[in-house]
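The lines below spell out each chain.
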Amino acid sequence: MQRNPGDARPDFLRPQRRDRPPHHEALRPGARQETLREANLLLITEEIFASAQPLSRADLSIRTGMTRSTVSRLVDDLLTAGIVREGSPMVGPTRGRPAVPLTPARKTLAGLGVEVNVDFMAARALDLTGSVLAEAMVQGDFRGSEPEAVLRDAGRLAAQVAQQGVSAGARVIGTVLALPGLVAADERSLLFAPNLGWQDVDVVEQFTAGIPEGTFGQAVSAANEAKLAALAVAQELTEADGEEQTFLYVSAQRGIGSAVVIDGVVEAGPHGWAGELGHISVEPAGPECGCGSNGCLEVYAGKRALLRAAGLDPSASAAELAAAAEGAEGEQAQEAIRRAGWAMGVAFSGAMNVLDVHEIVLGGAFGPLADLLRPCIEEELQRRVLAAQWAQFRVRESGTGLAPATSGGALRALRAVVDAPQDWVPRA
């Protein structure tokens, strides 16, 4: 998820606007001065991060209704905290002091995203502009593995990436660990990850064990990898298309991860478990799934299932599967892809009928197979979605690259800065 360090606005940190009165009306009479300052600091930060173009202090004064002197004091606080930076003065058409543009700071504060999946672990550090400061990936086979040993190794890998971020000049402010399973509401415990074979694990405790305090910032939490990947994908698509996106994100590693994104926001549900399309049963009497049910989408369209049905080695890549399907003797691989596309179309049409979402973004191993899967998926959508004759379906490939959940985790960690800038401003 490389970005131009000079970008004026990192869209992934664009604040989700709240309906609220102007700053001077936001607090009831008698509110503490400190509370008023915090509200104003938040408003200034939101304006800077939400603007498509760099803003000056004068711009901020006009937008917020605050006095120039108040804006200057707050901006100075954000500069001291390393949340924003000043650009080169811009000479305007009128006389007077040149305007100094304000943008998110580079290489000052960093979020760390870490992913443990079935066949790899990875870590990535991003700064407030969205630039990658450091990253690393290690391949492996973690099916049926011992959680403590794997999480200890992931902690060490993440600590190395964090140190590289520090060497680049940044301070790690928080870390989010992405896992392919159900994460408890406390964001510390993994309830169930069928493809890893893990259940009821305090992942945060084991991930941080033996790591010096402060390495991972002020807060370490865990989240579902597909939800975090969808966050990264949503921001990439928003930047590319110029508007917030609504879509179903579906990714194949060994199994299938998925998420629902509405207007650029990942809808996780009250427990954080929404969007598990991989475990929608497309054939109730079908093969047994690792989750304990039967006929789940995952047993037809998961990467492992696809390779087995195509007669390929379990270690083969999605690109090798695509090549086999396009080869002179690719009947078996073609049938495996057709069967997967049928199952995906059945599952997706049910979700579309419920959610009124008509776009699908394919990530992970599905990316290289998107052109081969699309006809079968769209055929089922046209047949099964009630509003098909009035809707326009779109099935496209994600362009986020490897381990997008690490980017999503880093972005989520960085939200703490925009949501509560007062926590990062040094006390007077």
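Now for a quick tour of the structure. (Residues numbered from 1 in each chain as written. Predicted model: local features only at pLDDT ≥ 70, side-chain atom pairs only at ≥ 80, totals over all residues. Heavy atoms only, no water.)

### Things to note about the state of the cysteines
Between two cysteines, a covalent bond joining their sulfur atoms is known as a disulfide. Applied cut-off: Criterion for a disulfide: a pair of cysteine sulfur atoms at a distance within 2.5 Å. Each residue's exposure class comes from its accessible area (1.4 Å probe, protein chains only) as a fraction of the maximum for that residue type: buried when under 20%, exposed when over 50%, partly exposed otherwise.
Enumeration over the complete set of coordinates arrives at zero disulfides. Between Cys 289, a cysteine without a disulfide, and Cys 291, which holds the nearest cysteine sulfur, the sulfur-to-sulfur distance is 3.7 Å. According to the relative accessible area criterion, Cys 289 is buried, its value standing at 5%. Here Cys 296 is not cross-linked by a disulfide; its sulfur's nearest cysteine counterpart is in Cys 291, at 3.8 Å.

### Describing the pattern of salt bridges
For clarity, the cut-off: For salt bridges, the criterion is a side-chain nitrogen of Lys or Arg within 4 Å of an Asp or Glu carboxyl oxygen. Strands here mean DSSP runs of E at least two residues long; helices mean DSSP runs of H or I at least four residues long; both are numbered from the N terminus.
Summed over the entire model, instances satisfying the criterion amount to 17 salt bridges. With a closest N to O distance of 2.2 Å, Arg 412 and Glu 187 form a salt bridge. You can see Arg 412 sitting in helix H12 (residues 404–419) and its partner Glu 187 sitting in the loop between strand E7 (182–183) and strand E8 (189–193), a full 225 residues away along the chain. Arg 412 gets classed as partly exposed once you look at its relative accessible area, which sits at 30%. Among the ionic pairs, Arg 396 bridges to Glu 359, the shortest N-O distance being 2.5 Å. With Arg 396 in strand E15 (residues 394–397) and Glu 359 in strand E14 (residues 359–364), this residue pair connects regions lying 37 residues apart in the sequence. Summarising the burial analysis for this pair, Arg 396 and Glu 359 share the class buried.

### Side note on the nonpolar core
Operational definition: Residues belong to one nonpolar core when they are buried, are Ala, Val, Leu, Ile, Met, Phe, Trp, Tyr or Cys, and are joined through side-chain atoms within 4.5 Å.
Of all hydrophobic cores here, the largest spans 46 residues; its most connected members are Ile 44, Ile 48, Leu 60, Ile 83 and Phe 247. Of all the secondary-structure elements, those providing two or more residues to this core are helix H1 (33–50), helix H3 (68–81), strand E6 (171–179), helix H6 (225–241), strand E11 (247–252), strand E12 (256–262) and H12. Val 250, Ile 337, Phe 348 and Val 357 belong to the second largest nonpolar core, which has 45 residues in total.

### Topic: the packing of aromatic side chains
Rule in force here: Between 30 and 60 degrees the pair is tilted, below 30 it is stacked and above 60 it is edge-to-face, where a pair is any two Phe, Tyr or Trp rings, Trp via its six-membered ring, whose centres lie within 6.5 Å.
Applying the stated rule across the entire model yields two aromatic pairs. A ring pair is formed by Phe 207 and Phe 216, whose centres lie 4.9 Å apart and whose planes are at 15 degrees; its orientation type is stacked. By the burial criterion, Phe 207 is buried, and Phe 216 matches it. Ring centres of Tyr 300 and Trp 342 lie 6.1 Å apart, and the angle between their planes is 90 degrees; on these two criteria the pair is classed as edge-to-face. Of this pair, Tyr 300 sits in helix H7 (residues 298–301) while Trp 342 sits in helix H10 (residues 331–355), and the two are 42 residues apart along the sequence. Of the two residues, Tyr 300 and Trp 342, neither departs from the other in class, the shared state being buried.

### Looking at the sheet that holds strand E10 (residues 219–224)
What links the strands of a sheet is backbone hydrogen bonding, and the strands pair in either a parallel or an antiparallel sense. Threshold: Strand pairing follows a simple DSSP-based rule, namely that at least 2 bridges must link the two strands. Whenever a helix is involved, its axis is fitted only over the stretch in contact; in every case the axis is a line through C-alpha atoms, and angles between N-to-C directions fall within 0 to 180 degrees. Should any heavy atoms of two residues lie within 4.5 Å, those residues are considered in contact.
With mixed pairing, the five strands of this open sheet are ordered in space as E5-E4-E3-E6-E10. What marks the edges here is a single partner per strand, and that holds for strand E5 (132–139) and E10. Sheet twist, expressed as the mean angle between neighbouring strand axes with direction ignored, is 15 degrees. Of the strand pairs in this sheet, E6 and E10 are connected by six bridges, and their pairing is parallel. From the neighbouring strand, Gly 174 faces E10, where its bridge partner is Ala 219. In the packing of helix H4 (residues 147–167) onto the sheet, contacts are made with strand E3 (109–116), strand E4 (120–127), E5 and E6, and the angle to E4 comes to roughly 25 degrees. Contacts between H12 and the sheet are confined to E3, E4, E6 and E10, with E3 contributing the most and set at about 145 degrees to the helix.

### Observations regarding unusual backbone geometry
The backbone phi angle of Lys 107 is positive, close to 55 degrees, even though this residue is not glycine. Taking the relative accessible area as the measure of exposure, Lys 107 reaches 47% and is therefore partly exposed. Positioned with a positive phi, Ala 403 is a non-glycine residue whose angle comes to about 50 degrees.

### Quick word on H3
Applicable threshold: The span one expects for a helix is its residue count, reduced by one, times 1.5 Å.
The end-to-end C-alpha separation of H3 is 20 Å, in line with the 20 Å expected for 14 residues at 1.5 Å each. Just downstream of H3 lies Gly 82, where phi reads positive at about 75 degrees.

### Remarks on the packing of helix H9 (residues 318–326) against H10
Note the following rule: Take the far helix as the reference: if the near one is turned anticlockwise from it by less than a right angle, the crossing is left-handed, and if turned clockwise, right-handed. As a working rule, the residues Ala, Val, Leu, Ile, Met, Phe, Trp, Tyr, Cys and Pro are called nonpolar, Asp, Glu, Lys and Arg charged, and the rest polar, with Gly in that last group.
Where H9 contacts H10, the two axes come as close as 7 Å, and the packing angle between them is 115 degrees. For the pair H9 and H10, the sense of crossing is left-handed. Along its contact with H9, which presents Leu 321, Ala 324 and Ala 325, the element H10 presents Ala 333, Gln 334 and Ile 337. Looking at side-chain class alone, the contact of H9 with H10 contains five nonpolar, one polar and no charged residues.

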